[in-house]
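For reference, the chains in residue letters:
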2 protein chains.
Amino acid sequence: MTTLKQKILQVSTDLFQTRGINSTGVDTIVAVAGTTKMTLYKYFETKEELILAVLQQSHQDFQTWMNDKLGVFNDKPDEKIQKLFDFIEEWVTSPSFVGVAFIKASAEFPNEENRIHQLSSQQSREFRQFISKLAQEAQIKDADGLAMQLSILFEGAVQAEQIKRGSGAIKSAKKAAKSLIDLAIKQS
Amino acid sequence: MTTLKQKILQVSTDLFQTRGINSTGVDTIVAVAGTTKMTLYKYFETKEELILAVLQQSHQDFQTWMNDKLGVFNDKPDEKIQKLFDFIEEWVTSPSFVGVAFIKASAEFPNEENRIHQLSSQQSREFRQFISKLAQEAQIKDADGLAMQLSILFEGAVQAEQIKRGSGAIKSAKKAAKSLIDLAIKQS
DNA sequence: TATATACTATACTGTATAGTATATTTTAAG
DNA sequence: CTTAAAATATACTATACAGTATAGTATATA
């Protein structure tokens with residue numbers, strides 16, 4: 001069963017990504033979701049809270065999906081980081097992909113004091129730490145260094161893909177990632 | 001002498017980067033620039049034209065700056081691509097750096113039919129072609145492939161830096177770039 | 001001095017926005 | 001059948017925004 005709250009979240013996620021966050025009014029959201037503002041404001045105190053909820057949901061969805069995919073290699077920890085960008089490619093090229101929420105949000109809310117910016121920043125950091133953990137498990141010496149490089153490739157490729165769909169950026173990033181991982185392994 | 005038009009452009013560039021484009025009204029711009037809306041609309045037909053002008057100006061400023069820096073190595077074309085990320089680092093860490101205009105603009109205007117998005121996309125492509133030319137001059141075989149990888153590193157590092165100032169992303173991207181360039185040279 | 005140009009001051013129009021108030025209808029459970 | 005909760009319908013407030021209209025001032029040049 002899809003509750004109205006979930007429907008509002010899903011529609012918001014979609015509209016924020018395809019039209020921009022500030023450019024999407026709550027009137028548009030409720031119209032597309034087939035409900036009214038009264039209902040929206042019952043579940044979300046303000047538009048800011050709705051945006052934060054969309055960010056949380058998107059990030060959690062991705063993390064859950066990725067953990068499932070990598071779970072297959074639980075007994076061979078060194079393969080996880082090798083496969084990471086294969087799954088990123090799969091995820092980015094899937095038809096339902098509409099972009100990475102925290103990348104867009106941080107651009108629309110550049111002020112570091114803003115709660116939305118802060119959450120974006122935190123999610124970016126969390127994903128980098130996630131990569132670093134994979135690198136550690138693969139016995140890589142400078143795990144943090146490699147994680148930073150790979151997260152830059154990730155954010156850059158997604159950015160390039162958002163600026164021009166089908167640019168081939170993901171494939172290129174995957175190749176670069178493999179090179180950098182190989183190099184890091186050699187130095188460990 | 002700074003003309004009012006230049007002043008408006010400069011103030012807009014700054015406000016767009018620090019507060020976001022859609023979140024910055026023309027009233028704020030003229031207030032900060034110390035002029036009136038009548039004057040702004042004398043030089044720029046619409047806000048959209050102003051945004052486009054800001055993008056053009058920012059891109060040209062960067063290209064000019066970079067060409068000057070690389071001009072020193074005009075007689076050793078293979079050194080240019082090696083030094084590229086050193087200058088990118090210098091540029092990004094300079095106090096006047098406020099971000100890369102086309103990266104933010106493409107996030108705030110995600111629709112591919114939008115003129116602002118189209119210009120952003122074009123500028124991203126132009127910068128990639130610029131890198132590709134450097135790679136060709138350095139006798140690198142897969143120049144386009146390397147250029148794509150390096151432009152992803154560039155956009156990713158800038159993105160990471162916008163999400164968290166002083167994250168060290170540029171240093172990390174520079175290191176990754178050197179590795180990828182070395183690898184591409186070996187394969188040429 | 002005359003005249004054009006650049007700029008200012010300010011009030012206005014029309015639209016979009018976030019959020020609220022009030023009353024009504026639907027739905028589900030005792 | 002009754003009652004409470006969930007959702008709708010609609011009108012409203014208050015503010016912000018892009019862009020315009022009108023009237024006036026400052027400056028430079030011919």
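Reading guide: rules and limits
- Residues numbered from 1 in each chain as written.
- Chains lettered and ligands numbered in written order.
- Predicted model: local features only at pLDDT ≥ 70, side-chain atom pairs only at ≥ 80, totals over all residues.
- Heavy atoms only, no water.
- Near = heavy atom within 4 Å.
- Polar contact = N/O pair within 3.5 Å; in protein donor to acceptor, adjacent residues only side chain to side chain.
- Helix = DSSP H or I, 4+ residues; strand = E, 2+ residues; numbered from the N terminus.
- Nonpolar A, V, L, I, M, F, W, Y, C, P; charged D, E, K, R; others polar.
- Contact = heavy atoms within 4.5 Å.
- Buried area = accessible area lost by both parts, 1.4 Å probe.
- Salt bridge = Lys/Arg side-chain N within 4 Å of Asp/Glu carboxyl O.
- UniProt positions renumbered as here; feature names shortened; annotations may be inferred.

This part is about the protein's contact with DNA strand C. The environment of DNA strand C is formed by 16 residues, the closest being K37, Y41 and K47 of chain A together with T35 and Y43 of chain B. When the atoms of DNA strand C within 4 Å of the protein are sorted by group, sugar and phosphate make up 68%. In the environment of DNA strand C, a phosphate oxygen lies 2.8 Å from a nitrogen or oxygen atom belonging to the side chain of Y41 of chain A. The separation between a phosphate oxygen of DNA strand C and a polar side-chain atom of K42 of chain B is 3.2 Å. Listing elements by their share of the surface near DNA strand C, those giving two or more residues are helix 3 (37-43) of chain A together with helix 3 (37-43) of chain B. The biggest single contributor to the surface near DNA strand C is helix 3 of chain B, with four residues. Residues that form the surface near DNA strand C fall into these classes: six nonpolar, seven polar and three charged.

On the chain B side, the residues contacting the 44 residues of chain A number 44 residues. A combined buried area of about 3,200 Å² lies between chain A and chain B, and 60% of that area is made up of carbon and sulfur atoms. Of all residues in chain A, I152, Q159 and I163 of chain A give up the largest surface area on contact with chain B, accounting jointly for 19% of the area buried on that side. On the surface where chain A and chain B come into contact, there are one salt bridge. Its salt-bridge partner being D142 of chain B, residue K175 of chain A comes within 4.0 Å of it at the nearest N-O pair. Secondary structure elements with two or more residues in the side of chain A that touches chain B: helix 1 (4-19), helix 6 (101-108), helix 7 (115-137), helix 8 (143-163) and helix 9 (169-186) of chain A. Considering each element in turn, the side of chain A that touches chain B owes the most residues, 12 residues, to helix 8 of chain A. In terms of residue class, the side of chain A that touches chain B is made up of 15 nonpolar, 20 polar and nine charged.

Okay, the pattern of salt bridges next. Taken as a whole and judged by the stated rule, the model has 19 salt bridges over all chains. K171 of chain A is paired through a salt bridge with E89 of chain A; the nearest N and O atoms lie 2.7 Å apart. Of this pair, K171 of chain A sits in helix 9 while E89 of chain A sits in helix 5 (residues 77-93), and the two are 82 residues apart along the sequence. Note that K178 of chain B is salt-bridged to D86 of chain B, the shortest N-O span being 3.0 Å. Separated by 92 residues along the polypeptide, K178 of chain B in helix 9 (residues 169-186) and D86 of chain B in helix 5 (residues 77-93) bring together distant segments of the chain. The network of salt bridges with common partners includes D86, E89, K171, K174 and K178 of chain A.

As a further point, take the UniProt feature "DNA-binding region" (unreviewed entry) in chain A. The sites that UniProt annotates as "DNA-binding region" (unreviewed entry) are residues 25-44 of chain A. The span residues 25-44 of chain A shows a helical share of 75% and a strand share of 0%, and its end C-alpha atoms are spaced 14 Å apart.

Taken together, the neighbourhood of DNA strand D is formed by 16 residues, with T35 and Y43 of chain A together with V26, K37 and K47 of chain B sitting nearest. For DNA strand D, a phosphate oxygen lies 2.4 Å from a polar atom in the side chain of Y43 of chain A. Here a phosphate oxygen of DNA strand D sits 2.8 Å away from a polar atom, N or O, in the main chain of K47 of chain B. Secondary structure elements with two or more residues in the surface near DNA strand D: helix 3 of chain A together with helix 3 of chain B. Ranked by the residues each element gives to the surface near DNA strand D, the list is headed by helix 3 of chain A, at four residues. Looking at the surface near DNA strand D residue by residue, the class counts come to six nonpolar, seven polar and three charged.

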